[in-house]
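Each chain is listed here by its residues.
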Amino acid sequence: MSIRILAVSGSSRRGSLNQKLLDIAAYGARDAGAVVTSIRLADYALPLYDGDNEAEQGVPAEARRLQREFAGHDALLIATPEYNGGYTAMLKNALDWVSRPQEDGTSGVALLAGKAAALLSASPGPLGGLRSQLALRTVLDKLGVVVIPDAFALGTAHEAFEGETGLRDKGAEKAIIQVGVALSRTAGRLSNKG
Ligand SMILES: Cc1cc2nc3c(=O)[nH]c(=O)nc-3n(C[C@H](O)[C@H](O)[C@H](O)COP(=O)(O)O)c2cc1C
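The chain carries the name FMN reductase in an unreviewed UniProt entry, which gives Cupriavidus sp. ST-14 as its organism.

J.: Could you clarify how one ought to interpret the overall build of the chain in this entry?
T.: A count of helices and strands for the chain gives 6 helices and 7 strands. Walking the chain from its N terminus toward its C terminus, one meets helices and strands in the order β-α-β-α-α-β-α-β-α-β-β-β-α. Here the C-alpha atoms of the chain give a radius of gyration of 16 Å, agreeing with the 16 Å that 2.2 N^0.38 yields for 194 residues. Each of the three principal axes of the chain carries a C-alpha extent, and together these read 50 × 40 × 25 Å. Taking all 194 residues of the chain together, 48% fall into the buried category. Within the chain, contacts between residues separated by at least 24 positions form 76% of all contacts whose residues are at least 6 apart in sequence. Of the accessible surface of the chain, which amounts to about 9300 Å², a share of 51% is contributed by carbon and sulfur atoms. Across the chain, the mean location of the 21 positive side-chain charges is 4 Å away from that of the 21 negative side-chain charges.

J.: Please explain the packing of helix α3 (residues 61–71) against helix α4 (residues 89–98) as it appears in this structure.
T.: How two helices pack is summed up by the angle between their axes together with the distance between the axes. Packing of α3 against α4 leaves a shortest axis separation of 9 Å and a crossing angle of 85 degrees. By the criterion of interaxial angle, the relationship of α3 to α4 is roughly perpendicular. Residues A63, L66, Q67 and F70 of α3 pack against A94, W97 and V98 of α4. For the contact of α3 with α4, the per-class residue count stands at 6 nonpolar, 1 polar and no charged.

J.: I tried to follow the site of the ligand on my own but got confused; where do I start?
T.: Neighbouring residues of the ligand: S11, R13, S16, L17, N18, P81, E82, Y83, N84, G85, S123 and P124. Note that an oxygen atom of the ligand is positioned 3.1 Å from one of the backbone N or O atoms of G85. If the ligand stood free it would expose 620 Å²; the protein chains cover 69% of that surface.

J.: Just to check I follow, could you spell out the UniProt feature "domain: NADPH-dependent FMN reductase-like" (unreviewed entry) in the chain for this structure?
T.: Following the UniProt record, the feature "domain: NADPH-dependent FMN reductase-like" (unreviewed entry) maps to residues 4–158 here. Helix makes up 36% of residues 4–158 and strand 21%, and the two end C-alpha atoms of the span are 30 Å apart.

J.: What should I look at first to understand the pattern of salt bridges in this one?
T.: Should their charged atoms come close, side chains of opposite charge can pair. All told, the structure shown has 9 salt bridges when counted by the stated rule. Here R100 ties to E54 by a salt bridge, and the two come within 2.9 Å at their closest N and O atoms. Of the two residues, R100 is situated in the loop between α4 and β4 (116–122) and E54 in helix α2 (residues 51–57); the sequence distance between them amounts to 46 residues. In this structure, a network of salt bridges that share partners links the residues E162, K170 and E173.

J.: Where do I start with the side chain of S123 in this structure?
T.: Structurally, S123 is set in the loop between β4 and α5 (130–142). Setting aside residues no more than four positions away along its own chain, S123 makes contact with G128, G129, L154, G155, T156 and A157.

J.: Where do I start with the packing of aromatic side chains in this structure?
T.: The relative placement of two aromatic rings is captured by the distance of their centres and the angle of their planes. A full pass over the atoms with the stated rule returns 1 aromatic pair. Relative to W97, the ring of Y49 has its centre 4.8 Å away and its plane inclined at 65 degrees; by these criteria the two rings are edge-to-face. Taken together, the residues Y49 in the loop between β2 (35–39) and α2 and W97 in helix α4 connect sequence positions 48 residues apart. You can call Y49 partly exposed: its relative accessible area is 31%. The side chain of K20 reaches across the aromatic face of F161, ending 5.4 Å from its centre.

J.: It is not clear to me how the sheet that holds strand β1 (residues 4–9) should be interpreted in this structure. Could you clarify?
T.: Sheet strands associate in pairs through backbone hydrogen bonding, adopting either a parallel or an antiparallel arrangement. Ordered in space as β2-β1-β3-β4-β5, the 5 strands form an open sheet in which the pairing is parallel. The open sheet terminates on both sides in strands that have one partner only, identified here as β2 and β5 (146–154). The mean inter-strand angle of the sheet, taken between neighbouring strand axes irrespective of direction, is 20 degrees. Of the pairings in the sheet, the one linking β4 to β5 comprises 6 bridges and is parallel in character. Across the sheet, L119 pairs through a bridge with A151, a residue of β5. Of the strands in this sheet, β1, β3 (75–79), β4 and β5 are in contact with helix α6 (residues 170–190), which crosses β5 at around 170 degrees.

Rules used in this analysis
- Residues numbered from 1 in each chain as written.
- Predicted model: local features only at pLDDT ≥ 70, side-chain atom pairs only at ≥ 80, totals over all residues.
- Heavy atoms only, no water.
- Helix = DSSP H or I, 4+ residues; strand = E, 2+ residues; numbered from the N terminus.
- Rg over C-alpha atoms; globule rule 2.2 N^0.38 Å.
- Buried < 20%, exposed > 50% of the residue type's maximum accessible area, 1.4 Å probe, protein only.
- Contact = heavy atoms within 4.5 Å.
- Areas by Shrake-Rupley, 256 points an atom, 1.4 Å probe, with all protein chains shown as cover.
- Lys, Arg positive; Asp, Glu negative; His and termini not counted.
- Charge placed at Lys NZ, Arg CZ, Asp CG, Glu CD.
- Axes fitted to C-alpha atoms, helices over the stretch in contact; angles between N-to-C directions.
- Parallel < 35°, antiparallel > 145°, perpendicular 65-115°, else oblique.
- Nonpolar A, V, L, I, M, F, W, Y, C, P; charged D, E, K, R; others polar.
- Near = heavy atom within 4 Å.
- Polar contact = N/O pair within 3.5 Å; in protein donor to acceptor, adjacent residues only side chain to side chain.
- UniProt positions renumbered as here; feature names shortened; annotations may be inferred.
- Salt bridge = Lys/Arg side-chain N within 4 Å of Asp/Glu carboxyl O.
- Phe/Tyr/Trp six-rings, centres within 6.5 Å; stacked < 30°, edge-to-face > 60°.
- Lys NZ or Arg CZ within 6 Å of the ring centre and 35° of its normal.
- Pairing = 2+ DSSP bridges.

Here it is in structure tokens:
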């Protein structure tokens with residue numbers, strides 16, 4: 001049975017550099033035999049998390065839909081922009097909603113804990129959004145996600161892409177593909193499917 005990887009971008013921007021980066025790593029994961037589902041967080045109409053709203057109205061249907069996506073996958077491939085030294089509010093809001101209790105009352109954190117994840121970031125700046133990965137890693141660690149050491153921060157990303165699907169720097173492209181391969185292999189070992 002194939003490993004199922006959920007590919008998530010922290011950006012919903014059309015022409016997002018992080019989405020392009022994610023697509024390259026997803027290619028690597030598919031090449032290693034994984035089934036990769038790429039979702040756009042903007043396609044989930046998630047309100048900004050508010051405890052009073054949750055208490056009064058429960059977890060919204062769109063958050064339930066996102067929880068089901070996480071439930072249906074073994075591992076996470078995440079690319080996120082750096083916004084002022086952190087990762088994006090859209091991604092944090094999504095993680096917060098996923099972590100809320102599931103329909104059967106069990107913890108939503110269980111949808112994250114024990115899963116492997118690989119992190120990527122892209123930025124026009126020289127550090128490639130690396131600080132966003134560090135901030136995200138802290139949160140995922142707390143949730144029990146197994147963040148693999150294979151990662152990539154693509155600097156000067158606005159000049160890095162060639163065509164729709166490749167990078168000018170073929171060495172970097174290979175390293176990004178390898179992140180997807182490594183995630184697929186680690187997820188296989190963790191879920192006994194490898
Ligand atoms: C509110 C905001 C804050 C930003 N802060 C940073 C930053 O701290 N470091 C950085 O490298 N880029 C920063 N950027 C630039 C983003 O890296 C750049 O817009 C990038 O292309 C966003 O990713 P995307 O192309 O995937 O949407 C910021 C952009 C915005 C809109």
